Amino acid sequence: MTPDPAMTIDEIAAEWLARMVSGNASPEDRANLAAWLEADSRHKGAYMRAMALWQMLNGAAQNPAVAPPLPRGWAHQRFTRRWMIGGGAAIAASAAAVLLLRPYVLDEPQIFQTGRGEVREFTLADGSHIVLDSQSRVDVTMRRDARNVALVEGMGWFHVAKDKTRPFTVSANGARFVAVGTAFSVSREGGTKIVVSEGIVRMTAADHDRAIDLHRNETATIDPAGGLKLARLSDDAMSRQMAWREGSVGLDGETLREAAESFNRYNRMQIVVADQALADKRVVGWFSRNDPLGFSTAAATMLDAKVERQGETIRLTKK
Amino acid sequence: MDDGVIAWIGANLLPFEGEVRRWLRRVGKLRDQEDDIIQDAYCRIGAAQDLSHIRNGRAYFYTVLRNIMIERFRREKIVKFESLAEFESLHVIDESPSAERVLSGQQQYEMVCRLIESLPDRCREVFTMRKVHQLSQRETAERLGISENVVEKDVARGMKLLMQAIAEMDADGQQQEGAA
């Protein structure tokens, strides 16, 4: 592609983006783009902006089960939602051009996401499995030398197919978790949390230089300020952590507020804890994810509270 | 820079770009340099390895722009006092509670749908197939009975329009009055 000199930087960036996501970019294109990017920091910024926009538009690929009807005026054909995007950006460029470009080439990710109340398992091209919790999303990019998963929203459990030549990296909130063949879950709500259920995962927190190896039953939490906390879980605590995959909520001393939030993620019916002191009380137990009323009743008995139901809202108040 | 950073920029900065640009016009009186400054900001933010500590993308956007503008003011040597005064008053903006705003998944979804819907006819169809149905360029060309080359041209044309639309947008995805 040879940009027209009369175009603005933004327009040239749009042309490059269109070429790079076409699936038809040649080694020459990649080298030319690299040269253009190197020439001016504004070029890099404009291209970055174009890539971010292109990626943001993937947000339109909602799961049809939960998506509202398409706004009027949209294309009429409906296709079956395809979770796997074929081929896309095969990299067949000369090594030099690839290295130069690496930071800027956008390999189009596959997007996997779930709606409210939906927990779903996906199989990746390499045989790895991902189980996504309710209202979660991952963007998966498979490269010849790497398998990259960006956890964009919510929580996922990853069972990684062994492939020593392609490390499997999950990134969330800037932290990275690298596995070769193992199973672990990552969530990004109120900080980033990883739980390792098999094997070893190498963690690099965003502002820590040193990588830390996490083993089976170990968990790490990175709070939003960057603070790191490591812990070992008993087998019992471990099963509670993984309960969401089986349609249960396992509570292990969470506050009633946190517990209510977990249920609210899965259900249309929302639990509201009206009293501050009550919300700070801690609860333990196994509950069916789809039964917020059952949980509320049990919690009320445990904590000596009162349950009121109004339409789609369950209110927990002090007696 | 990685896919995570790109996704982060899309989710946390792009929705606020219109607002940030309007502020830039108000305090900077730098209309002719506006695109440069915005591009410079994206370049700097994209070069950061670590965005995890940033809880408020919108406030971060303002901070980066403020630094860029201070550098530019210094370079220009002639200090524009009127601009600097307004500049200082900016601190009030990003400490306000509304600065905590982040779009919910649903709001983002609606914003993205509105953007695609705003495109002219065939462009819109191409973006619908590429983005809503996640089809490849080749599949899109087959479904629409046009060449891949035409699809690529429509992607470029649509991206140019959407890049303009983003620049003029409110955070809730509404176009500003008088926007292109």
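A quick note: this is a predicted structure, and the numbers were derived from the prediction, not measured. (Residues numbered from 1 in each chain as written. Chains lettered and ligands numbered in written order. Predicted model: local features only at pLDDT ≥ 70, side-chain atom pairs only at ≥ 80, totals over all residues.)

Peer 1: Just give me the short version of the overall build of chain B, but keep the residues and values in it.
Peer 2: Along its length, chain B carries 10 helices and zero strands. In sequence order, chain B lays out its α and β elements as α-α-α-α-α-α-α-α-α-α. Counting all 180 residues of chain B, 43% fall into the buried class. Taking contacts inside chain B between residues at least 6 apart in sequence as the whole, the part at least 24 apart equals 64%. (Helix = DSSP H or I, 4+ residues; strand = E, 2+ residues; numbered from the N terminus. Buried ≥ 20, exposed ≤ 12 C-beta atoms within 10 Å, placed from the backbone. Contact = placed C-beta atoms within 7 Å.)

Peer 1: A description of the overall build of chain A should follow, citing residues and the corresponding values.
Peer 2: The secondary structure content of chain A amounts to eight helices and 19 strands. The buried share of chain A, reckoned over its 319 residues, is 41%. Here the contacts in chain A between residues at least 6 apart in sequence split such that 43% fall between residues at least 24 apart.

Peer 1: How would you explain the nonpolar core if you had to name every residue and give the values?
Peer 2: Counting residues in each nonpolar core, the largest one holds 104 residues, and the members touching the most others are Leu17, Ala50 and Leu53 of chain A together with Met159 of chain B. Counting residues in each nonpolar core, the second largest holds 17 residues, with Trp244, Tyr266, Ala305 and Ile314 of chain A among its members. (Core = buried A, V, L, I, M, F, W, Y, C linked by C-beta atoms within 7 Å.)

Peer 1: Got a sec to walk through the sheet that holds strand β5 (residues 147–153) of chain A? Specific residues and values, please.
Peer 2: All names here are of chain A. Strand order in the open sheet made by the seven strands is β1-β4-β5-β7-β8-β11-β12, with mixed pairing throughout. Among the strands making up the open sheet, the edge pair consists of β1 (110–113) and β12 (212–214). Looking at each pair of strands side by side, their axes are set apart by 25° on average, direction ignored. (Pairing = 2+ DSSP bridges. Axes fitted to C-alpha atoms, helices over the stretch in contact; angles between N-to-C directions.)

Peer 1: Outline the sheet that holds strand β19 (residues 313–318) of chain A, supporting the account with residue identities and numerical values.
Peer 2: Residue and element names in this part refer to chain A. With mixed pairing, the three strands of this open sheet are ordered in space as β16-β19-β18. A strand with exactly one partner marks an edge of an open sheet, and here the two such strands are β16 (270–273) and β18 (305–310). Adjacent strand axes in the sheet meet at a mean angle of 20° when their direction is disregarded. Bridge count between β18 and β19: six bridges; the pairing is antiparallel. Bridge pairing in β19 places Gln310 opposite Thr313.

Peer 1: Outline the pairing of strand β6 (residues 155–159) of chain A, listing residues and values.
Peer 2: Residues and elements named next belong to chain A. With five of five residues buried, β6 is to be regarded as a mostly interior element. A two-sided burial pattern is seen for β6, the buried positions comprising Met155, Trp157 and His159 on one face and Gly156 and Phe158 on the other. Sheet topology note: the strand β3 (residues 129–132)/β6 ladder contains four bridges and is antiparallel. Within β6, the position partnered with Leu132 by the bridge is Gly156. With five bridges joining them, β6 and strand β9 (residues 183–187) adopt antiparallel strand pairing. Counted as the bridge partner of Met155 is Ser187 from β9.

Peer 1: I'd like to hear about the confidence of the model for chain B, residue by residue, with values.
Peer 2: Residue and element names in this part refer to chain B. When pLDDT is averaged along chain B, the result is 77; 68% of the residues meet or exceed 70. Model confidence for chain B, summarised as mean pLDDT per element, is weakest for helix α6 (residues 91–95) at 45 and strongest for helix α10 (residues 148–167) at 95. Note that pLDDT drops below 50 for residues 91–100; the model gives that stretch eight contacts with residues more than four away or on any other chain. The ipTM, which scores confidence in the relative placement of chains, is 0.86 for this predicted complex, and the corresponding pTM is 0.51. (pLDDT = per-residue confidence, 0-100.)

Peer 1: Give me the lowdown on the confidence of the model for chain A, citing residues and values where you can.
Peer 2: All names here are of chain A. Chain-level statistics for chain A give a pLDDT mean of 77 and a share of 82% at 70 or above. Between the elements of chain A, mean pLDDT differs from a low of 33, seen in helix α4 (residues 95–101), to a high of 94, seen in helix α1 (residues 9–20). Scored below 50 in pLDDT, residues 63–106 makes 59 contacts in the model with residues more than four places away or belonging to other chains.

Peer 1: For unusual backbone geometry, give the residues involved together with the corresponding values.
Peer 2: Backbone geometry at Gln135 of chain A places phi at a positive 50°, although glycine is not the residue there. With 19 C-beta atoms packed within 10 Å, Gln135 of chain A lands in the partly exposed category.

Peer 1: Summarise helix α6 (residues 256–266) of chain A; cite the residues concerned and give the values.
Peer 2: Owing to its 3.6 residues per turn, the α-helix brings residues three or four apart onto one side. Residue and element names in this part refer to chain A. Within α6, burial applies to Leu256, Ala259, Ala260, Ser262, Phe263 and Tyr266. Viewed along the axis of α6, the buried residues span an arc of 155°, placing them on a single side of the element. Close packing links the buried residues of α6 with β15 (248–255), β16, α7 (276–279), β17 (282–288) and α8 (292–303). (Arc of directions from axis to C-beta.)

Peer 1: Before we move on, could you go through the packing of helix α3 (residues 41–56) of chain A against helix α3 (residues 34–47) of chain B and cite the residues and values that matter?
Peer 2: For the pair α3 of chain A and α3 of chain B, interaxial distance at closest approach is 7 Å and the crossing angle is 75°. In terms of their interaxial angle, α3 of chain A and α3 of chain B are classed as roughly perpendicular. Contacts from Ser41, Arg42, Lys44, Gly45, Ala46, Met48 and Arg49 of chain A in α3 of chain A reach Asp36, Gln39, Asp40, Ala41, Tyr42, Cys43 and Gly46 of chain B in α3 of chain B. Residues of the contact of α3 of chain A with α3 of chain B, tallied by class, amount to five nonpolar, four polar and five charged. (Parallel < 35°, antiparallel > 145°, perpendicular 65-115°, else oblique. Nonpolar A, V, L, I, M, F, W, Y, C, P; charged D, E, K, R; others polar.)

Peer 1: Please give an account of helix α2 (residues 27–39) of chain A that cites residues and values.
Peer 2: Residue and element names in this part refer to chain A. Here α2 is 13 residues long and its end C-alpha atoms lie 19 Å apart, about the 18 Å a rise of 1.5 Å per residue gives. Among all positions in α2, only Arg30, Leu33, Ala34 and Leu37 are buried. Viewed end-on, α2 has its buried residues packed into an arc of 105°, placing them on one side of the element. α2 presents Glu28 and Ala39 as exposed residues on the side facing more than 90 degrees away from its buried surface. (Expected span 1.5 Å × (residues − 1).)

Peer 1: Could you give an account of the environment of Arg240 of chain A, with specific residues and numbers?
Peer 2: All names here are of chain A. Assignment of secondary structure puts Arg240 in helix α5 (residues 235–241). Overall, Arg240 belongs to the buried group, with 21 C-beta atoms counted inside 10 Å. Taking the C-alpha atoms as reference points, Arg240 and Leu251, separated by 11 residues in sequence, lie 6.6 Å from one another. The contacts of Arg240, once residues within four sequence positions are left out, are Gly250 and Asp252.

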